[in-house]
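What the coordinates show
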Amino acid sequence: NAGVTQTPKFRVLKTGQSMTLLCAQDMNHEYMYWYRQDPGMGLRLIHYSVGEGTTAKGEVPDGYNVSRLKKQNFLLGLESAAPSQTSVYFCASTTMTDTQYFGPGTRLTVL
Amino acid sequence: GDSVTQMEGPVTLSEEAFLTINCTYTATGYPSLFWYVQYPGEGLQLLLKATKADDKGSNKGFEATYRKETTSFHLEKGSVQVSDSAVYFCALSDQARAGNNRKLIWGLGTSLAVNP
């Protein structure tokens, strides 16, 4: 039981490049979330999903897209990366108890 | 809207000192309250939770009591260790209003450094 995994762990992009971050969970959770963590700003919710095939915007959705084609996977895409998207990205999932389980994070640098 | 306020860090303590990290909240429903911990270079993990007023959550020597009258959920530990050095996040989930999104409202985090 791996819990929540994230791929890749580190990535460096140039401005304007695109990439996809993959989150996978093996706990059969319905709800999944993408956050970004920046110094002094805590966790900010980017997008979330309440079930397979659904997505919704969080606090800071601009510049990101998501897809939840399979229940266990939640993808975060950056179509045209900007330096302001340099951050640590965390995926989390939960079930009816509201306790969120987090992945180890992806450290993204945009030059 | 709902919100969580944590004491600002960094907090620096000597080993075996007493720890308190303050957390207060505003919510219009009946929230569950959480403390998460983030060790350096890792993701967040649940430390403890409480789901109703007067509940006490505890884990790894840490405790927090859900105080509805003061809208607080302060984290305490009687004797900290170097291994407790981490960032601590307070969060709430309003189950009455969560509808179907199960989102958590997060504090900004409090960094703790424990020196030997």
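Here we summarise the structure given alongside this text.

A covalent bond between the sulfur atoms of two cysteines is what we call a disulfide. Counted under the stated rule, the structure contains two disulfides over all chains. Covalently, Cys23 of chain A is tied to Cys91 of chain A through a disulfide, its sulfur atoms 1.9 Å apart. Residues Cys23 of chain A and Cys91 of chain A share a disulfide whose torsion about the S-S bond is about -75 degrees; that sign makes it left-handed. Pair noted here: Cys23 of chain A is in strand 3 (residues 19-25) and Cys91 of chain A is in strand 9 (residues 87-94), with a separation of 68 residues, a long-range link. Disulfide partner of Cys23 of chain B: Cys90 of chain B, at an S-S distance of 2.0 Å.

Once that is clear, we can look at the sheet that holds strand 8 (residues 62-65) of chain B. Residues and elements named next belong to chain B. Spatially, 3-9-8-7 is the arrangement adopted by the four strands of the open sheet, whose pairing is antiparallel. Each edge of the open sheet carries a strand with a single partner, namely strand 3 (19-21) and strand 7 (56-59). With strand direction ignored, the average angle separating the axes of adjacent strands in the sheet is 15 degrees.

Taken as a whole and assessed by the stated rule, the structure comprises seven salt bridges over all chains. We note a salt bridge from Arg44 of chain A to Asp38 of chain A, for which the minimum N-O separation is 2.8 Å. For Arg44 of chain A, a relative accessible area of 19% puts it in the buried group. Taking relative accessible area as the criterion, Asp38 of chain A reaches 10% and is therefore assigned buried. As a salt-bridge pair, Glu63 of chain B and Lys56 of chain B come within 3.7 Å of each other at their nearest N and O atoms. In this structure, a network of salt bridges that share partners links the residues Arg36, Asp38 and Arg44 of chain A.

Moving on, we get to the pairing of strand 6 (residues 44-50) of chain B. For a regular strand, side chains alternate in direction, first toward one face of the sheet and then toward the other. Residue and element names in this part refer to chain B. Where strand 5 (residues 31-38) lies against strand 6, six bridges are found, and the strand directions are antiparallel. The residue of strand 6 that forms the bridge with Gln38 is Leu44. From the end of strand 5 to the start of strand 6, which pair antiparallel, there are five residues, and Gly41 there has a positive phi angle of about 75 degrees.

This brings us to the environment of Gly57 of chain B. Residues and elements named next belong to chain B. Its place among the elements puts Gly57 in strand 7. For the pair Gly57 and Leu33, spaced 24 residues apart in sequence, the C-alpha separation works out to 9.2 Å. Those residues in contact with Gly57, other than ones at most four positions away along the chain, are Leu48, Lys49, Phe62, Glu63 and Ala64.

Tallying the contact residues gives 19 residues for chain B and 23 residues for chain A. In this assembly, chain B packs against chain A so that about 1700 Å² is buried in total across both faces, 52% of it on carbon and sulfur atoms. In terms of surface lost to chain A, no three residues of chain B exceed Leu44, Arg102 and Trp106 of chain B, which account for 33% of the buried area on that side. Remark: the boundary between chain B and chain A carries one salt bridge. Taking the shortest distance from any N to any O, the salt bridge between Asp98 of chain A and Arg102 of chain B comes out at 3.0 Å. The tally of links between chain B and chain A comes to nine residue pairs in polar contact (both at pLDDT 80 or more). Sorting the residues of the side of chain B that touches chain A by element identifies strand 5, strand 6 and strand 10 (86-94) of chain B as the ones contributing at least two each. Each residue belonging to the side of chain B that touches chain A can be placed in one class, and the counts come to eight nonpolar, seven polar and four charged.

Okay, the nonpolar core next. A general feature of soluble globular proteins is that nonpolar side chains tend to end up buried together. Residues Leu19, Trp35, Leu47, Leu48, Phe73, Leu75 and Tyr88 of chain B are the most contacted members of the largest nonpolar core, which totals 26 residues. Those elements giving two or more residues to this core turn out to be strand 2 (11-14), strand 3, strand 4 (23-26), strand 5, strand 6, strand 8, strand 10 and strand 12 (110-115) of chain B. For Tyr88 of chain B, the residues in contact, after removing those within four places along its chain, are Gln6, Ile21, Trp35, Tyr36, Val37, Leu47, Phe62, Leu75, Gly109, Thr110 and Leu112 of chain B. Counting 18 residues, the second largest nonpolar core, distinct from the first, contains Leu21, Ile46, Leu78 and Cys91 of chain A.

Our focus in this paragraph is the pairing of strand 9 of chain A. Residue and element names in this part refer to chain A. Most of strand 9 is tucked away, with eight of its eight residues classed as buried. Of the two faces of strand 9, the one holding Ser87, Tyr89, Cys91 and Ser93 and the one holding Val88, Phe90, Ala92 and Thr94 are both buried throughout. Where strand 4 (residues 31-38) and strand 9 come together, seven bridges link them in antiparallel fashion. From the neighbouring strand, Tyr31 faces strand 9, where its bridge partner is Thr94. The pairing of strand 9 with strand 11 (residues 106-110) spans three bridges and is antiparallel. Across the sheet, the residue bridging to Val88 is Arg107, located in strand 11. The pairing of strand 9 with strand 10 (residues 101-102) spans two bridges and is classified as antiparallel. Residue Ala92 lies in a different strand from strand 10, and its bridge partner there is Phe102.

The rules behind these values
Residues numbered from 1 in each chain as written. Chains lettered and ligands numbered in written order. Predicted model: local features only at pLDDT ≥ 70, side-chain atom pairs only at ≥ 80, totals over all residues. Heavy atoms only, no water. Disulfide = S-S within 2.5 Å. Helix = DSSP H or I, 4+ residues; strand = E, 2+ residues; numbered from the N terminus. Pairing = 2+ DSSP bridges. Axes fitted to C-alpha atoms, helices over the stretch in contact; angles between N-to-C directions. Salt bridge = Lys/Arg side-chain N within 4 Å of Asp/Glu carboxyl O. Buried < 20%, exposed > 50% of the residue type's maximum accessible area, 1.4 Å probe, protein only. Contact = heavy atoms within 4.5 Å. Buried area = accessible area lost by both parts, 1.4 Å probe. Polar contact = N/O pair within 3.5 Å; in protein donor to acceptor, adjacent residues only side chain to side chain. Nonpolar A, V, L, I, M, F, W, Y, C, P; charged D, E, K, R; others polar. Core = buried A, V, L, I, M, F, W, Y, C linked by side-chain atoms within 4.5 Å.

Worth remembering: the numbers are spatial, not functional.
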